Amino acid sequence: MTGASRILAVLGPTNTGKTHYAIERMLGYRTGIMGFPLRLLAREVYDKIVAIRGPSVVALVTGEERIVPPRAKYWICTVEAMPPGMGCDFLAIDEIQLCADPERGHVFTERLLNARGTNETLFLGADTMRGPIKALVPEVEFLRRERMSELVYGGSKKISRMPPRTAIVGFSVDNVYAIAELLKRQKGGAAVVMGALSPRTRNAQVALYQNGEVDYLVATDAIGMGLNLDIDHVAFSATSKFDGRRMRPLAPNELAQIAGRAGRGMSHGSFGVTGDARPLEPEVAEAIMEHRFTPLKKLNWRSSDLQFGTVEALIRSLESLPQDEVLVRAREADDLGALKFLSRDGGIISRTTNAQSVRLLWDVCRIPDFRGISHGEHASLIGGIFEYLHGGGVIPDDWLARQIKRIDRVDGDIDTLSKRLAFIRTWTYVSQRKNWLRDESHWRDVTRAVEDRLSDALHERLTQRFVDRRTSVLLRRLKQKEALLAEVNDKGEVTVEGEFVGRLDGFRFTPDKSAQGAEAKTLKSASLQALAPQFHLRADRFYNAPDTEIDFTEQGGLMWGDAAVGKLVAGADPLSPQVEVFVDDAAGADVAQKVERRLQHFISRKVQALFEPLINLQKDEELAGLARGFAFRLVEGFGLLPRHAVMQEVKDLDQEARGTLRKHGIRFGQFTIFMPLLLKPAPTRLRLVLWSLANGVQEFPEAPPPGLVTVPAAKDAPQGYDTMSGYREAGERMIRIDMLERLADMLRSEDSRGGFEAKADMLSITGMTLEQFADLMQGLGYRAEKGERAKVKAAPEAPRDGTKAEAAVAETAEETAADAKPEETPATEVTSDGAPAPEVATEQAAAAVEEATAETSAEATASADASAETPVETPAEMEVFFTFAWGGRARQGGGNRGQRRGQGGNQSQSAEGAGGQDGQDRRGGKPRGQGRSGDRAGGKPGGRPAGKPGGKKGGRPQQQGGKTYSARPPKKEKQIDPDNPFAAALMGLKQGN
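This one's a predicted model, so the numbers in the text were calculated from it and none came from an experiment.

Asker: Describe the nonpolar core, naming the residues involved and giving the relevant values.
Answerer: Counting residues in hydrophobic clusters, the biggest one holds 72 residues, and the most contacted among them are Phe507, Leu575, Phe611, Leu617, Phe630 and Leu661. With seven residues, the single largest contributor to this core is helix α18 (residues 517-543). Residues contacting leucine 617, with those up to four places away along its chain left out, are Leu623, Ala631, Leu634, Val635, Leu661, His664 and Ile666. One finds Ile168, Cys365, Ile382 and Leu437 within the second-largest nonpolar core, a separate group that totals 61 residues.

As structure tokens, this is what we get:
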């Protein structure tokens, strides 16, 4: 280079405009070249100059990218990629203080010593380089530039308290990712910038930050190398890093280089620490603020005077010692390590027989290890490339295509895509070398296209993982105090500014469950603010909605369609429940009051409609005295009262009072006092809810399915549940109240003392099997005795022709029936006058006929076929039957199940079952008129026969005609209830006596 050129060192802290100054100086010349420490920074400056002068005169040359137009005048390069011997008018090296870098310092030192512009040379960097530059370049001039804004120390802050436009610096990939994920949850997301990113990915991430889509940036120390971003605060998550060999603390000047990114132009900036980083020592913080650092004494150096005679000579020249005391030999770099590794390969050494082959081997060894794999694997790869290139060859297209094809995939996570990007950078670097490929431009385009696809995919994954666009958009709108636009679809899904934020269920907003912590608070705040108009519109629509759109649940909830809008709570009157609305506070008091009024109207009308008979009873002013008191009890019981619970009140009612009550539809059943209209499914469902509210039940029991006569008894149900559900518990099942009264009417005509069997009608109305019916009867207070007997077969059909055998059968049967004598009838089966009971005689005659028929039929068959064998006797088919007799007092319903199963009818029972309808005995005995002996039953004309029903054998002996005597004085006869359905018959019997 000519010695007449001006050499200027422009030194000073960050944000002094050094790079901008150099660009202006270069554009003042016809040609120029600038070297930058990072590919990212080179791309940034290239874009700036292209915007000023156009792409036709600006070239970009880096290790993986080469854009060289035919008329290029201005070359923007990385320091390593600067073409030697360009002879440009202007030359500049940025961040010249990297001469002291352990890994790359020797490259910058070489440029400091040897790179010059023909007219002007600029070295840009920190003021700490003043001494070494003066020592190595005596003719240099110095220009100090002062920082344009202040930089202050802000101490330690939590990440959650970081102000907007903050860059948080980490020194490992894991640390960067962890911080970015935390910022996503708390602040809506962050952009990620690392030196390993491709320029395309880096620019896309920076655009997120610069455009305001996110307010935070998480980066490695790559941002310290001149990247110009709008940063107000820089926070260090650590103050030490791994330098490739060991963990070491960052020097104050290194911290200052990164912290200086805060505050651009005339805007002041601040710096501090966060996370696990310890606060900076006061003297370190002060040095950074005042830009006072220990001057550099030594620079890394490696000889550029290389000997290519042999591989050994090349290694020796690379390891030669510097002659200047300011310089120290650089530690072994990756390229020298690869050369030493390949020098031990006999096949490689055998090919390096001249200077040209040694130079080629050195060029191959300078391929960067972008992949970061082991030295051996990297050396093996470049060794294969050398073998292809040796002797004037080129890398085969098909081999290179296979290498690239394995990488050209955009699936996978961030780490996978980052590794593929590192791999493609190797082949991008190879495609930039001259004469290594048959079609260099083709493979440059191919590798560039693959890198772009991978870069876009990586940017997408980074954004998906570390940016919550929804939260960031909402935060920005809230910060700018702009009106937020909310929309609610027919499914209740809420979107604000096009972003899904949650669901609106009635008048309650539920934020998206994927949001947590600070993100959830931001989401809810912004959403409720945007939903304010929606709440009022929805309240108006709800207030005008018909009752058919509103309903209550069996747990007391109030629904509007599928949305819960409130719940019922107990009121002062069981038939006047109150409502509690589900309305967010953000909706306002007006919306809540409107919803409450509408729900109160609904439930009031519902109670009025379903409990109209009960409400009419409550409002009847004509009721007085005991009748009014009884009506009050019935209203308290929601129209259903177990008879045993009001036995005395019923007894005290006179016939006039009962008649008045019956006009309201009240039925005085043997087991329950009830209003039949209130047994329908709709009133039952509401009654259980109101009853549960009035009694403070925590979990409301559900109503039995409609239309069933019996249902299984509910386990652990609250006491009184069976009555409120319209059933009475008896045994393992509950039977509907009205059907139980029908059954009671049937049982009233049976001999409950002597015993009776279930009729088909009894099983029919209950819909039970015989076993289930037996359990039900025991639950009602009856004893159930199980037995077996031979099943009676149906009598054979009458003969259709006049055959002799059939005639003989009929004749024999008639004779056998005629021979039956009264004295053969057991004493237990005779009437009061000594004759057999009609049912018994009929059964005996039928048995005799059957027996005679069987005998005659056998004889006729034998005579008809004398050769037939004697038939084998078939055992009689047996059937199970139950005999029921009154056993005491029936079980009380509603939960007394401790004495239920398998205890017969003798267990302690209530007197409920013995009360009967009006006019029955209520003294705890069996139902009145059920087979009493003496002159109340069969002792007088018109009385029913005693004994078991149907005249079955085994009945109890009857008194036959004689008078009965008792030491007890005769009881006073009760007056017959005129409303009793049997009143007329009873009165006639009484008058006949």
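Asker: An account of the side chain of aspartate 751 is needed here, citing residue identities and associated values.
Answerer: Among the structural elements, aspartate 751 can be located in the loop between α26 (737-748) and α27 (760-766). The exposure class of aspartate 751 is buried, given its relative accessible area of 3%. Of note is the side chain of aspartate 751, whose polar atom sits 2.9 Å from the backbone nitrogen of glycine 754.

Asker: Could you give me a rundown of the packing of helix α14 (residues 397-407) against helix α15 (residues 414-431), with the residues and numbers involved?
Answerer: Working note: a packed helix pair is described by the angle between its axes plus the distance between those axes. Running from N to C, α14 and α15 cross one another at 160°; their axes reach a closest spacing of 9 Å. Taken together, the axis directions place α14 and α15 in an arrangement best described as roughly antiparallel. Once α14 is placed against α15, the crossing between them reads as left-handed. Residues Trp399, Leu400, Gln403, Ile404 and Ile407 of α14 pack against Arg420, Phe423, Ile424 and Trp427 of α15. Tallied by class, the residues present in the contact of α14 with α15 amount to seven nonpolar, one polar and one charged.

Asker: Break down the pattern of salt bridges for me, citing the residues and quoting the values.
Answerer: Under the counting rule described, the total for this entry stands at 47 salt bridges. A salt bridge links aspartate 452 to arginine 448; the shortest N-O distance between them is 3.4 Å. On the criterion of helical spacing, the pair formed by aspartate 452 and arginine 448 is a turn pair, its members being four residues apart in helix α16 (residues 440-466). Several salt bridges share partner residues, and in doing so they unite Arg43, Asp47, Glu65, Arg200, Arg448, Asp452 and Asp456 into one network.

Asker: Before we move on, could you go through the sheet that holds strand β1 (residues 6-11) and cite the residues and values that matter?
Answerer: Strand order in the open sheet made by the eight strands is β4-β3-β5-β2-β6-β7-β1-β8, with mixed pairing throughout. Each of the sheet's edge strands pairs with one partner strand only, and the pair in question is β4 (66-67) and β8 (141-144). When β1 meets β8, the two strands line up parallel, connected through four bridges. Note on β8: the bridge partner recorded for leucine 11 is arginine 144.

Asker: Please set out the sheet that holds strand β31 (residues 727-730) residue by residue, giving values where relevant.
Answerer: Judged by pairing direction, the sheet is antiparallel, and its three strands sit side by side in the order β30-β32-β31 without closing on themselves. Only two strands of the sheet have a single neighbouring strand rather than two, namely β30 (710-712) and β31. Neighbouring strand axes in the sheet, compared pairwise and without regard to direction, differ in orientation by 30° on average. One ladder, built from three bridges, connects β30 with strand β32 (residues 733-736); its direction is antiparallel.

Asker: Account for helix α21 (residues 625-636), naming residues and giving values.
Answerer: Its 12 residues place the ends of α21 17 Å apart at the C-alpha level, agreeing with the 16 Å of an ideal helix rising 1.5 Å per residue. All of the buried residues in α21 are Ala627, Phe630, Ala631, Leu634 and Val635. The buried residues of α21 all sit within an arc of 145° when viewed along its axis, so they share a single face. Relative to its buried face, α21 has exposed residues pointing more than 90 degrees away, namely Gly625, Leu626 and Phe632. On its buried face, α21 sits against α20 (612-619), β27 (640-642), α22 (647-652), α23 (655-662), β28 (667-668) and β29 (672-674). Once α21 finishes, phenylalanine 638 follows within two positions and takes phi at roughly 55°, a positive value.

Asker: Break down the pairing of strand β5 (residues 74-78) for me, with residues and values.
Answerer: Most of β5 sits inside the fold, with five of its five residues counted as buried. Burial along β5 is two-sided: Tyr74, Ile76 and Thr78 facing one way and Trp75 and Cys77 facing the other are all buried. For strand β3 (residues 58-61) and β5, the ladder comprises four bridges, and the chain directions are parallel. In the sheet register, leucine 60 faces β5, and the bridge partner there is isoleucine 76.

Rules used in this analysis
- Residues numbered from 1 in each chain as written.
- Predicted model: local features only at pLDDT ≥ 70, side-chain atom pairs only at ≥ 80, totals over all residues.
- Heavy atoms only, no water.
- Core = buried A, V, L, I, M, F, W, Y, C linked by side-chain atoms within 4.5 Å.
- Buried < 20%, exposed > 50% of the residue type's maximum accessible area, 1.4 Å probe, protein only.
- Helix = DSSP H or I, 4+ residues; strand = E, 2+ residues; numbered from the N terminus.
- Contact = heavy atoms within 4.5 Å.
- Polar contact = N/O pair within 3.5 Å; in protein donor to acceptor, adjacent residues only side chain to side chain.
- Axes fitted to C-alpha atoms, helices over the stretch in contact; angles between N-to-C directions.
- Parallel < 35°, antiparallel > 145°, perpendicular 65-115°, else oblique.
- Left-handed = near helix turned anticlockwise from the far one by under 90°.
- Nonpolar A, V, L, I, M, F, W, Y, C, P; charged D, E, K, R; others polar.
- Salt bridge = Lys/Arg side-chain N within 4 Å of Asp/Glu carboxyl O.
- Pairing = 2+ DSSP bridges.
- Expected span 1.5 Å × (residues − 1).
- Arc of directions from axis to C-beta.

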